[in-house]
Amino acid sequence: QVHLVESGGGLVQAGGSLRLSCVASGTIFSINFMGWYRQAPGKQREFLARITSGSFTNYANSVKGRFTISRDNAKNTVYLQMNSLQPEDTAVYYCVANLRAAIALPPNDYWGQGTQVTVSS
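As the structure is a computational prediction, the values presented were derived from the model and not from experiment.

Colleague: Outline the sheet that holds strand β8 (residues 77-82), supporting the account with residue identities and numerical values.
Modeller: The strand order β1-β3-β8-β7 describes an open sheet built from four strands, whose pairing is antiparallel. The open sheet has two free edges, formed respectively by β1 (2-7) and β7 (67-72), since each of these has just one partner strand. Here the average twist between neighbouring strands, direction ignored, is 15°. Here strand β3 (residues 18-26) pairs with β8 via six bridges, running antiparallel. Within the sheet, the bridge partner assigned to Val-23 lies in β8 and is Thr-77.

Pasting the structure below:
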């Protein structure tokens, strides 16, 4: 069993910051990449950022320069530092990890349950 648990969401005023965390636990052989998505009400899930095991990163244009993804491989944890938040950033934020649960298994995506981020104007 693999579990991803996000934390750090909440209510913040426009212009404020939040730092999200996501911990992967359970039977994990290796993690290829970890990332963040979000889904606002009535909208499709949107890619935000991804980081590989070698710390290569890529970002969606909508958050580039405002959000920073980082990773602690020893703790199987990924972070998302979000600055200059705006009301349009309001959404449920999801963590994803592409990992092998065992050496004999192919990599698969595992998702967290999400954490709510609400930005007030």
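Colleague: Tell me about the packing of aromatic side chains, and name the residues and values.
Modeller: To describe a pair of aromatic rings, one takes the distance between the centres and the angle between the planes. Applying the stated criterion to the full structure yields two aromatic pairs. Their ring planes at 75° and their centres at 5.5 Å tell us that Tyr-37 and Phe-47 sit as a pair that is edge-to-face. Note that Tyr-37 is positioned in strand β4 (residues 30-39) and Phe-47 in strand β5 (residues 46-52), a separation of ten residues in sequence. Here Tyr-37 falls in the partly exposed class, since its relative accessible area comes to 24%. Among the residues examined, Phe-47 registers a relative accessible area of 26% and is labelled partly exposed. Ring geometry for Tyr-37 against Trp-111: centres 5.1 Å apart, planes inclined by 65°, an arrangement best described as edge-to-face. With Tyr-37 in strand β4 and Trp-111 in strand β10 (residues 108-111), the pair connects residues that are 74 residues apart, well separated along the chain. The class for Trp-111 is partly exposed, based on a relative accessible area of 34%.

Colleague: Go over the pattern of salt bridges, please, and point to the residues and values.
Modeller: Tallied over the full model, the rule gives three salt bridges. Among the salt bridges present, the one from Arg-66 reaches Asp-89, with a minimum N-O distance of 2.8 Å. With Arg-66 in the loop between β6 (57-59) and β7 and Asp-89 in the loop between β8 and β9 (91-100), this pair connects stretches of sequence that are 23 residues apart. One connected set of salt bridges, linked through shared partners, spans Arg-38, Glu-46, Arg-66 and Asp-89.

Colleague: Break down the pairing of β7 for me, with residues and values.
Modeller: Only one face of β7 is buried: it carries Phe-67, Ile-69 and Arg-71, and the other face, with Thr-68, Ser-70 and Asp-72, is open. By the bridge criterion, six bridges tie β7 to β8 in an arrangement that is antiparallel. The residue bridging Thr-68 from the neighbouring strand is Gln-81, located in β8. Between β7 and β8, which pair antiparallel and follow one another directly, the connecting turn spans four residues, one of which, Asn-76, has a positive phi of 50°.

Here is what the cut-offs are and how they apply
Residues numbered from 1 in each chain as written. Predicted model: local features only at pLDDT ≥ 70, side-chain atom pairs only at ≥ 80, totals over all residues. Heavy atoms only, no water. Pairing = 2+ DSSP bridges. Helix = DSSP H or I, 4+ residues; strand = E, 2+ residues; numbered from the N terminus. Axes fitted to C-alpha atoms, helices over the stretch in contact; angles between N-to-C directions. Phe/Tyr/Trp six-rings, centres within 6.5 Å; stacked < 30°, edge-to-face > 60°. Buried < 20%, exposed > 50% of the residue type's maximum accessible area, 1.4 Å probe, protein only. Salt bridge = Lys/Arg side-chain N within 4 Å of Asp/Glu carboxyl O.

The quantities given are spatial measurements derived from coordinates; they are silent on function.
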